[in-house]
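Survey of secondary and tertiary structure
Residue-level listing of the chains:
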Amino acid sequence: MSGTARSGTGYAELLRARHVTRLLLGTLVGRLPNATAHVAIVLFVRSEGGSYTLAGVLATVYGLATAVGQPLLGRAVDLVGQPRVMLPAALLSALGMLAFAAIGIEPLALAAAAVLVAGLFTPPLEGGLRALWPSVLGRQDRVHRAYALDSVAQEVMFTIGPLVVTLAVALWSEAGALLVINVIGVLGALSVVASEPSRKWRSAPREAHWLGALRSPGLLALLGAFLFVGMALGSITVAAVAYADGEHGVGTNLVYALLMSGIGFGALVGGLAYGARDWAGPPEPRLRVLIGLLAVGYLPLLLVPGYLAMTALACLAGLFLAPALSCAFVVVDRHAPRGTVTEAFSWLVTTFGVGAALGTAVVGPAIEGGGVVGGFVVPGAAGAAALLVLLATRRALSEPREPATPDTAQVLTPPSAPGATGENETNRPSEPGFRSRHQA
């Protein structure tokens, strides 16, 4: 894994590019309902007198519905464009959650149906943004940096999102929080789909196939690996709760917040550092190294030292998460069948989410059987399993199934050399197979 430091303006240059800031912020704001739904649902159910079990069931309904809806809506986006899918989906999702706030938890069937609609129609803004980057940025070094910045921004969103819900509850109520975050989400989606890149974007012609993006062996291999990456992240959040419940001389909530903030901070630093470099060669071998480092980073958590040292270890555990995700986005772009890029990115989001749900389910028995240390065994084992999947599927991930050709793909301009004035001047070969099949 090798790279060269970028001597230009880096992220500042990226953010100054036309449409970038609007698309990035619009997508993050549009995803606020999804990033906060689990917290908002639990708080609302509890305010209505429901049990934690009921809150967990409804949050699970939302999560599973989102997992089903994302790739289906992603396929629809590839077929008919972003505005005709994203905005109606955002409105339906918001209406579902607002209906939930109006109905409450009785009758339960209607409450569950409202949550189901909210999850099922969550717009695939995340996959849609990554499909837009090549047409907006043009050069592959900028696209790769945008993937890294996107990963970092998501970490920030998932950190501050629950704080937004808490603030809304304090200022209004639990039902008011559901209203506020979903209205904000619709406005974010509207900002994205009203932009010129989103309106003009069209997917490349696609071969009719019921499997869609899933007919790519390379994509299937990647999804198998990231199922376990999701398990690692889901399990570590629960294991952190078990650790925080121990005697540390400070409050449980503070210790848990420190550990989660440590993971987020590590991901932030890792993502920014990764995106600040230009990486030579194909991304698949680099992804194996990053997943290996991610798995190794979980192992020191088994030491379960004092909470300050544990916070430092949490930073280490999160360090390679954003780089691994950023690299995975490039691999998805290389292996997604032509005309399925939004669907392919949505499958990665779905698989990661399903893995996180599985991780939260598996880690409970592990903690009961092996204590806090047993809980932290799960993320380490899941990280190792992700690496094994990538190693076992090296052949499927060796080359893209459908390499770029002049009549089906437009190769992105490689990055300019340090000190060069023209964008067509290069200092290294472009990554083979990296392509933009989805230019406007």
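Computed from a predicted structure; not experimentally measured.

Reading guide: rules and limits
Residues numbered from 1 in each chain as written. Predicted model: local features only at pLDDT ≥ 70, side-chain atom pairs only at ≥ 80, totals over all residues. Heavy atoms only, no water. Axes fitted to C-alpha atoms, helices over the stretch in contact; angles between N-to-C directions. Helix = DSSP H or I, 4+ residues; strand = E, 2+ residues; numbered from the N terminus. Parallel < 35°, antiparallel > 145°, perpendicular 65-115°, else oblique. Left-handed = near helix turned anticlockwise from the far one by under 90°. Contact = heavy atoms within 4.5 Å. Nonpolar A, V, L, I, M, F, W, Y, C, P; charged D, E, K, R; others polar. Core = buried A, V, L, I, M, F, W, Y, C linked by side-chain atoms within 4.5 Å. Buried < 20%, exposed > 50% of the residue type's maximum accessible area, 1.4 Å probe, protein only. Patch = residues over 30% accessible without salt bridge, like charges linked within 9 Å, V, L, I, M, F, W, Y side chains within 5 Å. Areas by Shrake-Rupley, 256 points an atom, 1.4 Å probe, with all protein chains shown as cover. Salt bridge = Lys/Arg side-chain N within 4 Å of Asp/Glu carboxyl O.

Another aspect to go through is the packing of helix H12 (residues 252-275) against helix H14 (residues 307-318). The geometry of H12 relative to H14 is characterised by a closest axis approach of 6 Å and an angle of 30° between their N-to-C directions. One way to sum up the angle between H12 and H14 is to call them roughly parallel. The hand of the H12/H14 crossing is right-handed. Of the residues in H14, those touching H12 at Val255, Leu258, Leu259, Gly262, Ile263, Phe265, Gly266 and Ala267 are Tyr307, Met310, Thr311, Ala314, Cys315 and Gly318. Broken down by class, the residue content of the contact of H12 with H14 amounts to 10 nonpolar, four polar and no charged.

Looking now at the nonpolar core. Counting 112 residues, the largest nonpolar core has Ile41, Phe100, Trp133, Leu137, Phe226, Leu287 and Ile291 as its most contacted members. By residue number, the principal contributor to this core is helix H11 (residues 217-244), which donates 15 residues. Discounting residues that sit within four places of it in the chain, Phe100 has contacts with Ile41, Phe44, Val45, Leu58, Ala111, Ala114, Val115 and Leu178.

Quick look at a nonpolar patch on the surface now. A surface patch of nonpolar side chains, amounting to about 370 Å² of accessible area, comprises Val296, Leu299, Leu302, Val373 and Val377. Assignment of secondary structure puts Val373 in helix H16 (residues 341-392).

With that settled, consider the pattern of salt bridges. Tallying each qualifying case throughout the model produces eight salt bridges. The closest approach of N and O atoms between Glu13 and Arg142, which form a salt bridge, is 3.0 Å. Here Arg142 lies in helix H8 (residues 140-171) and Glu13 lies in helix H1 (residues 11-16), a separation of 129 residues in the sequence. According to the relative accessible area criterion, Arg142 is buried, its value standing at 17%. A salt bridge links Arg334 to Glu284, with the shortest nitrogen-to-oxygen separation between them at 2.8 Å. Placement of Arg334 in helix H15 (residues 321-335) and of Glu284 in helix H13 (residues 283-298) is noted, with a sequence separation of 50 residues between them. The burial state of Arg334 is the same as that of Glu284; both residues are buried.

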